[in-house]
Every structure is written in structure tokens, then in C-alpha cells.
Amino acid sequence: MEPTCTNLGTNQMAAPVYVSETAPAKWRGAFTSSFNAFAVFGMLCATVTNYFTNRIPGWGWRVSVGLAAIPGAIIVVGALFVSDTPSSLVVRGHPDRARAALQRIRRPDADIDAEFKDIVRAVDEARQNDEGAFRRLFSKQYRHYLVVGVAIPVFFEFTGMIVIALFSPVLFRTVGFSSQKAILGSVINSLVNLFATVLSSFVVDRTGRRFLFIIGGLGMMLCEVAISWIMAVHLGKHEGITMPHNYATGVLVLICLCAFSFGVSWAPLRLVVPSEIYPVEVRSAGQAMSISIAFGLSFVELQVFIALLRAMKYAVFLFYAGWLFAMTIFIVLFLPEMKGVPLEAMHSVWTRHWYWRRFASDAKTEVQVNHFYGVLPADLSSK
């Protein structure tokens, strides 16, 4: 298990950053969120594979474990055909290779002069400060990156959807489904999540990050309040161990709606936003911090969820709904819109924000952004 967990953590950290640094700004959200879509698809395939191989007595588990080598081999072979990101190559002192890599990514006939100049400028500014990445991250001028980089993974874990997804058979048994139907309900829930994640990849660069965060958060909050109300009436006040079939079906529908809201918002965006907010000098450290917080909270949450469900019963969904309300308010007030903005020009988004500009104000950034890319979209000035 240890090597598997290590590889998972490495992929969660490196893959979104790699995609963000190589994707065109106008499609960055779609490319980065597709990482989550493929991850959900892979987990669904693994679940279906385990379902069938579990029927093979004695050695079925060997088939299941052995088949896991196939996607691993595809990743290894595929990695041989991709280049380092232009930002990474410039940081390591290979500007010619960086320009060639950028040209290859953007098409041979694309005009990359402005984008390449901005990458070089961002790296040169980063080199002017000799402090370590983590020390910079905790300094005042990086306060906005730190707060959002910590808040996103913390809030993600307290959507409650990870434990709902992993323990959905337990929840379905709690509301009265048989064991087989509970497993079927979990599969349906996973399919809904996959559909929503794919949908998010298509719309994230049109609607923006903030809109999906807000709509998804409100959708999950309303669904969890409704689930709590149904369970309170039929499992709380009357101390029942099952509930009428129509109410149990209602819980299944609400959990699927909650999974849809999650899949279209927090599931992909918790990878998209941290991978694009950090400047190049702290990008790897910031992403590593965000992913480490997410994994740490996931471990704790999975250990205590069953105890919470037994102790709080239906109120456990109100607990998560309260967090969803708080995180939606946070998104409304403190997360600027980042769609379509090049990574190297992202600082200008923070300088236009009503609160974060006190930490990120820097007049020369505005001049440099306008010089290389023209004036940023007008809707950013209101964020």
C-alpha cells in the first residue's frame, strides 16, 4: 500500500500543475478538471473490475491486482512522449529548450513570443528573492495564496462527499435498502459523479470557477439538509431502523443530486484552483501543501465518520451543510475569478480584488501584463 499511496500523492500534486502550466489560458480549467474526470472513471472501472473478479474463488484478487498494472504501464510509456513544462525548463536554466517545448505545445505556426517573454519575466522576478519557497509562502505578500491554498482543500474535505461516496452502501443500508441494492445505489452514485465531472470540464472555462463553486455548494447544502430532515423524521424521532420505500428512494435521489453538485464543482475545482493561483516561485510548494492538507484531513475524516454517524445520526448531514454554507460565503467574498487569465499574469487578478489587493498590490505588474497581453478582460475589475 505504501508505494501506491506515494504514487497517488505524487500524481495529485504534479499532474494538475503540469497541465496548468502547459494548457492554453482559455482552456486551462477544462484541461485541469479532466484530470479529475479520468480519475473518477478509473475508480469506477476499478470498482466494476473488483465486483467481477470477487466472484472468482481463491485467486480472483490476483487478477484484480494484476490488472492495475495496465494503467500504470500506460502512464509510464506516455510520460516518455511529453516534455517538461516551459516554466520548469526556464527555472532550470534551459531557455532554448523551454521555447522549443512551448512551440511544440502551442503548434509550430503559433506566435509564442509574448507568452514566452512573460514566462521568462516571471522566472526572473522569482529569482530576485533568495528565500525558500515555503518561507515566501508564509510571508505577508503571499498571504492571499496561503489562505486560499489552505481553504480550498480544507473546505473540500468538509463537503462530506468523500465519506458519503466511500460509505454510501452503509448509508443506504441505514435507510432501509438491502445489501445488494445498497451496492447498486453506490454504483449509480459513482456514475452520476462521473457525468457531472465530465460536464464540468466542458463548462468551467465558460461559466468560470466562482459560478460553479457557488452553484455546487448551494446544491450540496440543500440536498444534505433534505437528507437530514428525512432521516430525522423516520430514523430519529421514531427510533426506526428502516424507513418507507418511497422515502428511502428519496434519500437515494438526493444523494445522487448531491453527487452531481459535487462533481460539477468542488470535485474538479479543488484541483484546478490550487494549481493556477500560485506564482512560479512557490507553485510546487503551494501545491504540495494543498495536497498534503487534503490527504491528512481525508485520513482523519475516514477514521471518524462511522463514529460521527452513530453519535450524530441525521445531524451529521447538518454538520456538513453548515460547512457548505461557510465555504460558499468564502467563495463569494474571497475567491477572484481566474478563467482565461495566463498563469504569469495571475497576480493582476489579486491586485483587483477588493480585499486581497492590500497584500498583492504591485503597480509594475499591471504595466507588464498590459505590455505582453493587453488589458485583461473587463469583468475581472469587478472581482
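Residues numbered from 1 in each chain as written. Predicted model: local features only at pLDDT ≥ 70, side-chain atom pairs only at ≥ 80, totals over all residues. Heavy atoms only, no water.

If you look the protein up in an unreviewed UniProt entry, it shows as Major facilitator superfamily (MFS) profile domain-containing protein from Eragrostis curvula. The heading Sequence similarities (unreviewed entry) in the UniProt record of the protein holds the text "Belongs to the major facilitator superfamily. Sugar transporter (TC 2.A.1.1) family." As stated in UniProt under Subcellular location (unreviewed entry), the record for the protein gives "Membrane". (UniProt positions renumbered as here; feature names shortened; annotations may be inferred.)

Caption draft 1: Structural context of the side chain of S275. Tracing the backbone through its elements, the reader meets S275 in helix α15 (residues 266-277). From its side chain, S275 meets the backbone oxygen of L271 in a polar contact 3.0 Å long. There is a polar contact of 2.8 Å between the side chain of S275 and the backbone oxygen of V272. Setting aside anything within four residues of it in sequence, one finds S275 in contact with P16, V17, S20, T32, R283 and Q287. (Helix = DSSP H or I, 4+ residues; strand = E, 2+ residues; numbered from the N terminus. Polar contact = N/O pair within 3.5 Å; in protein donor to acceptor, adjacent residues only side chain to side chain. Contact = heavy atoms within 4.5 Å.)

Caption draft 2: Broad picture of the side chain of R270. As for its position among the elements, R270 is in helix α15. Buried and unpaired, R270 has no salt bridge, with E157 as the nearest side chain of opposite charge at 5.8 Å. From its side chain, R270 meets the backbone oxygen of A267 in a polar contact 3.3 Å long. Once you skip the residues sitting within four places of it in the chain, R270 turns out to touch Q12, N36, I152 and F156. (Buried < 20%, exposed > 50% of the residue type's maximum accessible area, 1.4 Å probe, protein only. Lys, Arg positive; Asp, Glu negative; His and termini not counted. Salt bridge = Lys/Arg side-chain N within 4 Å of Asp/Glu carboxyl O.)

Caption draft 3: Looking closely at the UniProt feature "transmembrane region" (unreviewed entry) in the protein. Under the UniProt annotation, the feature "transmembrane region" (unreviewed entry) is placed at residues 35-53, 59-82, 145-171, 183-204, 211-235, 247-267, 288-308 and 314-335. From the first C-alpha to the last, residues 59-82 spans 37 Å; its make-up is 79% helix and 0% strand.

Caption draft 4: Inspection of the nonpolar core at higher detail. Counting residues in each nonpolar core, the largest one holds 61 residues, and the members touching the most others are V148, F213, W266, I331 and W350. The element that contributes the greatest number of residues to this core is helix α13 (residues 209-236), accounting for 9 residues. Beyond its immediate sequence surroundings of up to four residues, W266 is in contact with I152, F155, F156, T159, F213, G217, M220, M327 and I331. Ranked by size, the runner-up nonpolar core spans 13 residues in total, among them I112, F116, A122 and A126. (Core = buried A, V, L, I, M, F, W, Y, C linked by side-chain atoms within 4.5 Å.)

Caption draft 5: Fine view of helix α2 (residues 28-53). Helix length check: α2, at 26 residues, gives a terminal C-alpha distance of 38 Å against a target of 38 Å (1.5 Å per residue), a fit within 8%. Those residues of α2 lying buried are R28, G29, A30, T32, S33, N36, A37, V40, L44 and T53. (Expected span 1.5 Å × (residues − 1).)

Caption draft 6: Up close: unusual backbone geometry. Positive phi outside glycine occurs at R107, with the angle close to 95°. Residue placement: R107 occurs in the loop between α6 (95-106) and α7 (113-127). R107 gets classed as exposed once you look at its relative accessible area, which sits at 52%.

Caption draft 7: Summary view of the state of the cysteines. By the definition in use, this model includes 0 disulfides. Unpaired in this structure, C223 has its nearest cysteine sulfur neighbour in C258, at a distance of 5.2 Å. (Disulfide = S-S within 2.5 Å.)

Caption draft 8: Here's a closer look at the confidence of the model for the protein. Counting all residues, the mean pLDDT for the protein is 81, and 83% of those residues have values of 70 or more. Low pLDDT, under 50, characterises residues 1-6; the predicted model gives this stretch 0 contacts beyond four residues in sequence or across chains. pLDDT under 50 marks residues 363-383. Its contacts with residues more than four places away, or in other chains, come to 36 contacts. (pLDDT = per-residue confidence, 0-100.)

Caption draft 9: Representation of the environment of V304. Take V304: it is sitting in helix α16 (residues 283-312). Each C-alpha atom of the pair V304 and V163 lies 9.8 Å from the other, and the pair is 141 residues apart in sequence.

Caption draft 10: Quick peek at the pattern of salt bridges. According to the stated counting rule, one finds 9 salt bridges in the structure shown. Between R99 and D113 there is a salt bridge, with its nearest N and O atoms 2.4 Å apart. Of the two residues, R99 is situated in helix α6 and D113 in helix α7; the sequence distance between them amounts to 14 residues. Note that D109 and R107 form a salt bridge whose closest N and O atoms lie 3.3 Å from each other. By the burial criterion, D109 is exposed, and R107 matches it. Linked by salt bridges that have partners in common, R28, D205, R209 and E276 make up one network.

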